[in-house]
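Listed below are the residues making up each chain.
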Amino acid sequence: AQRVTQPEKLLSVFKGAPVELKCNYSYSGSPELFWYVQYSRQRLQLLLRHISRESIKGFTADLNKGETSFHLKKPFAQEEDSAMYYCAPAGSGNTGKLIFGQGTTLQVKP
Amino acid sequence: DAGVTQSPTHLIKTRGQQVTLRCSPISGHKSVSWYQQVLGQGPQFIFQYYEKEERGRGNFPDRFSARQFPNYSSELNVNALLLGDSALYLCASSPTPGHPYEQYFGPGTRLTVT
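So, here's what we can say about the structure. These numbers were taken from a predicted model, which means no experiment stands behind them.

### Notes on the overall build of chain A
Reasoning step 1: Helix and strand content of chain A: 0 helices and 10 strands.
Reasoning step 2: Secondary structure elements of chain A, listed N to C terminal, follow the sequence β-β-β-β-β-β-β-β-β-β.
Reasoning step 3: Overall size of chain A, expressed as C-alpha extent along the three principal axes, is 45 × 30 × 25 Å.
Reasoning step 4: Residue pairs in contact within chain A that sit at least 24 positions apart in sequence constitute 57% of those at least 6 positions apart.
Reasoning step 5: Counting only carbon and sulfur atoms, one obtains 49% of the accessible surface of chain A, whose full area is about 5600 Å².

Rendered as structure tokens:
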């Protein structure tokens, strides 16, 4: 079964500290992988996708196929990064199905 | 553009009743997805529709059904409501069939079943 695990429900760091939000997936094949974010009182929105290898708002995500992980990282956290982060591998078959993890709340303290 | 819109915002139903939730995608988006989000969990995929055809279906019972209209808006229907159907129902639209996972979410409809 396709499954995604975000082991931390809450991650609390101080401003300027490095951040790593963990994501592990169990999958056959090579899924597309995404991170979605939900800021307070805002809608769920796409943050980044592994295919584009981009950095958005200072965040990057490294795909490790051997460990089946797709951790989200940022070297220096900002208070405005406080939000709920969801790792979301794509389901198989190009059906549009995203498989969301339980989410990790990132709290950046001043 | 207001983004994806959903109606109603909230509603309360009784067990056994039926409910219809509505979604209007971003202008120009032809694909609509539905997700159920139970408190404390991530969204769970219910359906995706593209050009009025069902493209994908999640692991939900047949009590859940959906359709997409010629203007690309969509309805999600749930019959014989159970207490466990209480959740936030999210709609998302996608711009192109080649990128079905680039999804733009609406604010959701909060359904409470009593």
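After presenting the structure, the write-up continues.
### Side note on the interface of chain A and chain B
Reasoning step 1: In this complex, chain A contributes 18 residues to the contact, which on the side of chain B involves 21 residues.
Reasoning step 2: Around 1700 Å² of area is buried between chain A and chain B when both sides are counted, 51% of it from carbon and sulfur atoms.
Reasoning step 3: Here chain A is connected to chain B by 1 salt bridge.
Reasoning step 4: For the salt bridge of A:Arg49 with B:Glu102, the shortest nitrogen-to-oxygen distance reads 3.3 Å.
Reasoning step 5: Remark: the boundary between chain A and chain B carries 8 residue pairs in polar contact (both at pLDDT 80 or more).
Reasoning step 6: Elements with a contribution of two residues or more to the side of chain A that touches chain B: strand S5 (33–38) and strand S6 (45–49) of chain A.

Thresholds, definitions, all that
- Residues numbered from 1 in each chain as written.
- Chains lettered and ligands numbered in written order.
- Predicted model: local features only at pLDDT ≥ 70, side-chain atom pairs only at ≥ 80, totals over all residues.
- Heavy atoms only, no water.
- Helix = DSSP H or I, 4+ residues; strand = E, 2+ residues; numbered from the N terminus.
- Contact = heavy atoms within 4.5 Å.
- Areas by Shrake-Rupley, 256 points an atom, 1.4 Å probe, with all protein chains shown as cover.
- Buried area = accessible area lost by both parts, 1.4 Å probe.
- Salt bridge = Lys/Arg side-chain N within 4 Å of Asp/Glu carboxyl O.
- Polar contact = N/O pair within 3.5 Å; in protein donor to acceptor, adjacent residues only side chain to side chain.

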